[in-house]
Structure formats: structure tokens, C-alpha cells
Amino acid sequence: MFSLDVVELQSPSLAWGQITIDDFSEMFEMNLRYWTPEEYRHQWSIASYRIANGGGRSAFITSMPTPDTSDRLWWWPAWREGERVYVQNQMLLPEQLPEKFDGTDPTKNLDQPSLTGLEGYGISTWETTVTAIRLFADKIAGDVI
């Protein structure tokens with residue numbers, strides 16, 4: 001199973017979201033100053049279809065900063081190897097983002113997938129299936145329309 005959901009609106013600028021990858025589930029804060037919940041869902045739909053339809057890599061943005069602020073970007077890069085999909089949680093600081101990053105095509109800002117960080121320690125990585133991503137893509141497409 002794979003899913004991303006907007007769970008609860010906290011204020012006009014903050015919501016709680018949830019990601020589920022098989023038996024793993026985690027809540028996260030969503031910055032609503034720049035994107036609405038619908039814009040997040042739209043991005044998740046595009047990212048899931050990219051993976052499900054043969055794209056090698058994509059990313060699910062879960063907290064999009066307002067351009068030209070000191071807010072951090074949170075996303076879940078994903079890459080496909082055959083019928084398996086690997087997903088990681090990453091935070092990017094403003095200085096790591098290109099000047100005009102707007103989230104429309106996050107794949108051009110993805111580093112090569114790695115299971116090891118700069119210090120040589122393993123990076124937490126979750127594994128799911130292309131089928132799970134495709135089912136999510138179909139479900140969220142119905143929610144977005």
C-alpha cells in the first residue's frame with residue numbers, strides 16, 4: 001500500500017498530512033502559505049503517474065516553501081527499479097534549491113538515488129511496489145478531478 005493524505009487543516013497556513021508505505025505510516029506538517037491542499041494532491045498525482053508509467057524517478061512534495069523565504073522543502077524522492085519502488089524522506093534547505101524552484105518538475109532537482117549519506121551511514125529507505133503506486137495514482141486522480 002502507498003498513500004499520501006491531507007489529514008487535518010490546523011490553520012490557513014498549516015495542515016497535517018500522512019504518508020503510508022505498506023506497514024509504515026508517518027504524520028507530517030504541510031506548509032500552506034504557497035500551495036493549497038489541492039495543489040499538493042495534484043503534484044502527488046503527477047509524481048505517482050510518473051513512477052507508475054515507467055518514469056525512473058520522481059518526488060512527492062509534502063511541504064512546499066514560499067519562494068524567496070527561509071522555509072525548508074520536505075519531499076519524498078522515489079525511484080523505480082523494475083517492479084519495486086524505493087522511497088526516502090528528505091529535507092532541502094533554501095540554499096540547496098534553485099532560485100526559481102516552483103515544484104512543477106521536481107525530477108530535475110533530484111540527486112542520484114543513494115542508500116548511504118555523506119557520512120557513510122545508511123539512509124532510511126522504504127520499499128513498495130509499482131502496483132501500490134499505480135493504485136494510489138488512480139485513487140488520487142479521482143480525488144483531484
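Residues numbered from 1 in each chain as written. Predicted model: local features only at pLDDT ≥ 70, side-chain atom pairs only at ≥ 80, totals over all residues. Heavy atoms only, no water.

**Here's the deal with the sheet that holds strand β2 (residues 14-21)**
Taken together, three strands build an open sheet; the order of strands is β1-β2-β3 and the sheet is antiparallel. In this open sheet, the two edge strands, each paired with only one partner strand, are β1 (2-11) and β3 (24-31). Across this sheet, the average inter-strand angle for adjacent strands is 20°, counted without regard to direction. Where β1 and β2 come together, eight bridges link them in antiparallel fashion. (Pairing = 2+ DSSP bridges. Helix = DSSP H or I, 4+ residues; strand = E, 2+ residues; numbered from the N terminus. Axes fitted to C-alpha atoms, helices over the stretch in contact; angles between N-to-C directions.)

**Some remarks on the pairing of β3**
Looking along a regular strand, one sees side chains alternate from face to face of the sheet. Sheet topology note: the β2/β3 ladder contains eight bridges and is antiparallel. Each residue of the ladder has a partner; that of Leu14, found in β3, is Asn31.

**Examining the environment of Ile19**
Considering the arrangement of structural elements, one finds Ile19 in strand β2. Overall, Ile19 belongs to the buried group, its relative accessible area being 0%. When the C-alpha atoms of Ile19 and Asp105 are compared, they prove to be 21 Å apart, with 86 residues separating the residues in sequence. (Buried < 20%, exposed > 50% of the residue type's maximum accessible area, 1.4 Å probe, protein only.)

**Quick look at the environment of Ala59**
Examined against the element boundaries, Ala59 turns out to sit in strand β4 (residues 57-63). Residue Ala59 is classed as buried on the basis of its relative accessible area of 0%. For the pair formed by Ala59 and Ala78, sequence separation is 19 residues and the distance between their alpha carbons is 5.5 Å. With sequence-adjacent residues up to four places away left out, Ala59 is seen in contact with Gln43, Ala47, Trp75, Trp76, Pro77, Ala78, Pro106 and Leu110. (Contact = heavy atoms within 4.5 Å.)

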